[in-house]
Structures are given as structure tokens and as C-alpha cells.
Amino acid sequence: MAAATAAAATPTASTRLLRHTAGAPVPGPHQIKFSTSLELRHRSAARLSPAPALLPDRVTPFNFDADGDDHPREECGVFGVIGDPDASSLCYLGLQKLQHRGEEGAGIAAAGVDGKLKSVTGLGLVGDVFRDPARLANLPGDAAIGHVRYSTAGAAAALRNVQPFLAAYRFGQVAVAHNGNLVNYQALRNRLEAQGSIFNTSSDTEVILHLIATSLSRPLLSRICDACERLAGAYSLLFLTADKLFAVRDPMGFRPLVMGRRPNGAVVFASETCALDLIDATYEREVAPGEVVVVDRRDMSVSSACLVPHRPRKSCVFEHIYFALPHSVVFGHAVHERRTAYGRALAEESPAPTADVVIPVPDSGFYAALGFAQASGLEFQQGLIRWHYSGRSFIQPSQAIRDLAVKLKLSPVRGVIEGKGVVVVDDSLVRGTTSSKIVRLLRDAGAREVHMRIASPPVIGSCLYGIDTPSEGELISNRMDLEGVRRTIGCDSLAFLSLDKLHSIYGDEAHELCDACFSRNYPVLPTVPEPVPELVSAFED
Ligand code: SF4
């Protein structure tokens, strides 16, 4: 199979389409078909006008794990492959590797040789959704996209919101998988509903399908560009049609998306490179911010276009700090190297001279603790053992049960800790609930001193771009000063990596990072939705 490698995107307004296979679809009215019988219509169309921006106090609800995990959560991961007869099985493996990016639902959509798209979605882990081999067998074809998601809604709504979404519009079927969060979702949805669009989910991703269906541009590549240029916020997207796979990244590049290739020429897209490694795909490059990569199933040609207007890059620094797996390369950097560098910088800024040993909070504090030990010359030990089989529950139990759940998940190694001055390194501190329990565990195991070191700045802002964080009122660093946090956690000393030091690790690239949860400098703010026009039932008259 011949495969033309795409040129790196060099966006200019006059050359948005670098190369594409032209089609000539018939223009006309466009309507997405979803399986719903309810129809609504409007007495009057909403006026379309720009709206001012605002910063909400609370963006997304935060769900507390019964096991006491206090980290923010990545909300999605995407994976796609085209040009391989085992596409859906490869997708299944890729999604398994991205499982940490979303544990509540998973799905795969595949394009069969007959050109028909089919999808299988379900609640739970990837292995649970596809436990029955018949489900994968039902997805034949050499092109597939998949999605893992973390949901915040109830089971019924959650099932409807599991991606990929598969829809039919005038020119055929299209499936979409989305990682990120649109900050103008409600404004767009209100406007589309005012024009007669019918929504089947509460997901911002469905808006994108409607924008594609109602775009007057053609062919599909232009419709996708047209739709995406109306979006604001974070989106790494995969679209699958009968003959093409499209990969799109928002102009600021908030969320990661990489491209690779298998030995047989199949082209692969994934949220993280660890998923490429698993299926023997070689990492080629990032999908550039604002780029649309198109792979044609018929000749495996790869072409590229770019969205306009262009924006300064703002990649999520929390991907490096916590979300991505340490063996991934994200935004061009090896994640484990970044985390080790944070730990070294933290030791330079805030040493613990009376300590004897450095231990990580497993698993995400591992490399930062290693860096701290390297820079401070202290012994590195595994003083806490993480138990991986506790699973997750979104039923909120009593505080006493939560406390016990932390002990279930983390166990101290008494021989490492007893009588020692211990530096315990974690990747971030959000609400502080887990940290205080860790300090208590270490003291109960005989630690002489406990020095908490956090390898990122204090979290003071909620994320608007696809990460589930607590409301700002719940963030411990918003509620009290450093000494107040130390007293609440109960450690002998506490220090965070400063934002300046974090920036210094990135040098000239520092301005290309989103660090809004540490600085509240939000690169793009939500759009105020216009008032919803009055709705009446189609059956009323
Ligand atoms: S606000 Fe924080 S978590 Fe959200 S994209 Fe920016 S750096 Fe990442």
C-alpha cells in the first residue's frame, strides 16, 4: 500500500487546504438522523450575535472515589487505525492502553468493506464492554476509531453519552470520538436548537456533528474545517466515514493527539504514544495544533489541512504532571523525564535537610520522587505500596469508610519508614484529603518526621478544558495559606514547586503551556449562551 506522508501543517489563511481529494456532493438541506421520536420546534429563531465571556465558579462536578483518590481526572482518550484488516482488535488494544484516561465507558466504531459503519459502546472498562468476543467480531473492516470516557452523569445518561457517536446525515454516515471540552458548547447548542436541530445526548461532541451536517461547505473535509472553526476550547477529534479517517486538534493544542504507523503501512492515531507502542506502531509526529489530517482508505494517501484562525499554543501541563503514562511522549517530551525534572527542581527550591529517605506517593509521584532523591543525595525507597484491585465506586460512603478505603489502597512499608525523617513526594495537591491520610499512615508506621513535597504549584483554578476538577471552593490552596494547608495535612514541612520554577523547566516553551489551574490565566473563556427561545411540542398544533 502506497502511503504519502503529509507535510507538517504550516497554517496560513490563504492555504488552509494543503491537499485533498475533491468530491462533489449535492448541496441541499442537512439533517442528522438520531433515534429519537420527539420533535421540537421554535416559535422564533434566535438572533445570532457574539456573546461576552465569563468564568464560571464551578465547571464540572467532581466525583469522589470511594478509595479516596483525590486527583483530578482526565475525561477521555481516543484511538484510531486505518489500513489494517484487524482494525477493531487493534483499537481494542489501544483503548486498553488508554484506560487510565477514562474508566466509565468505552466504544469502537468500524467501517466494514461494504462501506457501512457500525459501533459498539458500553459502560465500564474496555475489557468489560468487549468481554463477549462477538462484540468485536461484529466490527469487521480495516478502519476503526475508539474512545474511553469518564462520565459524571447517571447510568442511563452515561450510556447515551458513550462515544464514538455514530450518525447519518445527507451525505452518509460519520462517527466521531472527542477528547476535550468545548467552552462555547451551550451557546452553540442553543443556536442549533433554535434552527431546528434535535439532540440525543448531553455531550458537547454532538454539537460538532450538527455543525458538520448543517455546514454549507463541501466536501466533508471542508465541512469538518467549517464546523471546527466555530468551536472554542479543547478538542482532539477522530472522525470516521466509509472511506476516510480524519484527525483534528484544536488550534491551541490543549489535549494531545499523535500519529504513528504500523509495519504494514496502517496509520494510527492516539491520545498517547504508549498506545502506539503496544501495537507495534512507530511514532511519527504530533497532529499539530489546528491541523486536520486526512487518511484515504482507498489508496492510504495522507493529506493535511489547517484550521483558521490561528491561536497561540496552550498545551495542558497537567498531562505531564499527572495524566499521561510515564512511558508516553506528550507534546514532544518524554513524560517521565519531565516528572524527574520537576522533582529535581523541587529539591533545589525546597530541600528537606533533616530527612533520611525520599518516598513517592505511588504511582504518579514516582519519577518526581526519584528526581528529588537524585538532586538531594537522599536515599530513594518505596515506602508506600499501592494496592491496585480496589476498583472505583461513585457511591459516596461515610467518612469513616473513606478513611478505611485509603488504607486499603496505600500501605506503608514499616521497615523503610520507622525512625526515619521521610520526604514524601506527590505529583499534585488538590483537596488535601488523601495527603492528610498518607501523613497519618506514615506517622503510624513510625516516621520520625514527615516532609510533604508537591511536584507542581498549588491548584487554585478549575479546569475548563476537559479535566474533571473540584470547584474552586473545594481546592485546599484556595481555602488557606501554605501554613494552613500544612497544619491541615499534619506534616512537619510542606512545599510546592513554584510556577516560575515549573516554567524554567520548559524554557522558551513555557508560554506554550496552559497552566490555568495554577495561575487562573485561562487561555479561552466560556461563551455566555444566548437566551433559549420558547419551545413548543410539534404535536401541540
Ligand atoms: S486548566 Fe489545568 S488541567 Fe485544564 S488544560 Fe489547563 S493546565 Fe490542563
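Residues numbered from 1 in each chain as written. Predicted model: local features only at pLDDT ≥ 70, side-chain atom pairs only at ≥ 80, totals over all residues. Heavy atoms only, no water.

*Asks:* Where do I start with the environment of P523 in this structure?
*Replies:* Note that P523 resides in the loop between α18 (516-519) and β28 (535-537). Along the backbone, P523 and G233 are 290 residues apart, and their C-alpha atoms lie at a distance of 8.8 Å. (Helix = DSSP H or I, 4+ residues; strand = E, 2+ residues; numbered from the N terminus.)

*Asks:* I tried to follow the packing of aromatic side chains on my own but got confused; where do I start?
*Replies:* Each aromatic ring pair is specified by the distance between its two centres and by the angle formed by the two planes. Applying the stated criterion across every chain, the model contains nine aromatic pairs. Each ring, one from F318 and one from F323, has its centre 5.2 Å from the other, and the planes form 40°; the classification is tilted. Under the relative-accessibility criterion, F318 is labelled buried at 3%. We classify F323 as buried; its relative accessible area is 5%. (Phe/Tyr/Trp six-rings, centres within 6.5 Å; stacked < 30°, edge-to-face > 60°. Buried < 20%, exposed > 50% of the residue type's maximum accessible area, 1.4 Å probe, protein only.)

*Asks:* Honestly, the sheet that holds strand β4 (residues 105-111) in this entry has me stumped. Any pointers?
*Replies:* Think of a sheet as strands paired side by side through backbone hydrogen bonds, with each pair either parallel or antiparallel. An order of β5-β4-β6-β3-β12-β11-β13 is seen for the seven strands of this open sheet, with the pairing classed as antiparallel. Edge strands, defined here as strands with exactly one partner in the open sheet, are β5 (117-123) and β13 (282-286). Put simply, the sheet's adjacent strands are angled 15° from each other on average, direction ignored. Each of β3 (76-82), β4 and β6 (143-149) touches helix α1 (residues 87-97); the most contacted strand, β6, lies at about 25° to it. (Pairing = 2+ DSSP bridges. Axes fitted to C-alpha atoms, helices over the stretch in contact; angles between N-to-C directions. Contact = heavy atoms within 4.5 Å.)

*Asks:* Help me understand the nonpolar core in this model?
*Replies:* What tends to happen in soluble globular proteins is that the nonpolar side chains get buried as a cluster. Among the nonpolar cores identified, the biggest contains 44 residues, and V317, F318, Y342, V358, F372, V423 and Y465 are the most heavily contacted of them. Within the residue set of this core, elements represented by two or more residues are α9 (317-323), α10 (335-349), α11 (366-376), β23 (421-426), α17 (499-506), β27 (513-514) and α18. The residues touching F372, leaving out its near neighbours within four places in the chain, are G343, R344, L346, A347, S350, P351, A352, V358, L378, V423, V425 and R453. If you look at the next biggest cluster of nonpolar residues, it comprises 32 residues, including F165, V174, L209 and A213. (Core = buried A, V, L, I, M, F, W, Y, C linked by side-chain atoms within 4.5 Å.)

*Asks:* Looking at this structure, I do not really get the UniProt feature "binding site: Mg(2+)" (unreviewed entry) in the protein chain. What am I missing?
*Replies:* As annotated in UniProt, the feature "binding site: Mg(2+)" (unreviewed entry) corresponds to S364, D426 and D427 in the numbering used here. Spanning 64 residues, the named residues nonetheless gather at one spot, since no C-alpha pair among them exceeds 7.2 Å. By secondary structure assignment, the location of S364 is in the loop between β19 (357-360) and α11. Residue S364 is classed as buried on the basis of its relative accessible area of 12%. A polar contact of 2.6 Å, which involves the side chain of S364, links it to the side chain of D427. Mapped onto the fold, D427 is located in the loop between β23 and α14 (433-444). (UniProt positions renumbered as here; feature names shortened; annotations may be inferred. Polar contact = N/O pair within 3.5 Å; in protein donor to acceptor, adjacent residues only side chain to side chain.)

*Asks:* Looking at this model, I keep getting lost on the sheet that holds β23. Mind explaining?
*Replies:* The strand order across the open sheet built from five strands is β20-β19-β23-β24-β26, with neighbouring strands paired in parallel fashion. The two strands at the open ends of the sheet, each matched to only one other strand, are β20 (379-380) and β26 (493-496). With four bridges connecting them, strand β24 (residues 449-454) and β26 associate as parallel partners. The partner of M452 across the bridge, within β26, is L494. Across the sheet, α11 touches β19, β20, β23 and β24, and the angle it forms with β19 is around 165°.

*Asks:* Would you explain empty space enclosed by the protein in this entry?
*Replies:* The final tally for this structure, using the stated rule, is three cavities of 30 Å³ or more. Empty space within the second largest cavity amounts to approximately 120 Å³. Lining the second largest cavity we find 15 residues, and of these C316, C463, Y465, C514 and C517 sit closest to its centre. The set of elements that each furnish at least two residues to the lining of the second largest cavity consists of α9 and α18. (1 Å grid on protein atoms, 1.4 Å probe; cavity = no way out; pocket = protein on both sides within 12 Å on 5 of 7 lines; lining within 4 Å. Points joined across faces, edges and corners; volume = space filled by probe spheres on them.)

*Asks:* Help me out: how do you make sense of the packing of α10 against α11 in this one?
*Replies:* Geometry of a packed helix pair, given as the angle between the helix axes and the separation of the axes. Two elements in contact, α10 and α11, have axes separated by 6 Å at closest approach and are oriented at 45°. Here α10 lies oblique to α11, going by the angle between them. Note that α10 runs across α11; the crossing there is right-handed. Residues H336, R339, T340, G343, R344, L346 and A347 of α10 lie in contact with α11, whose contacting residues are Y367, A368, G371, F372, Q374, A375 and S376. Residue composition of the contact of α10 with α11, by class: six nonpolar, six polar and two charged. (Parallel < 35°, antiparallel > 145°, perpendicular 65-115°, else oblique. Left-handed = near helix turned anticlockwise from the far one by under 90°. Nonpolar A, V, L, I, M, F, W, Y, C, P; charged D, E, K, R; others polar.)

*Asks:* Is there a simple way to think about the site of the ligand in this case?
*Replies:* Lining the immediate environment of the ligand, one finds R255, C316, V317, F318, C463, Y465, I467, C514, D515, A516 and C517. According to the grid-proximity analysis, the pocket containing the ligand is the second largest cavity. Of all elements in the fold, only α9 and α18 reach the threshold of two or more residues within the shell around the ligand. Classifying every residue of the shell around the ligand by side-chain character gives nine nonpolar, no polar and two charged. (Near = heavy atom within 4 Å. Sits in = over half its atoms within 2 Å of the grid points.)

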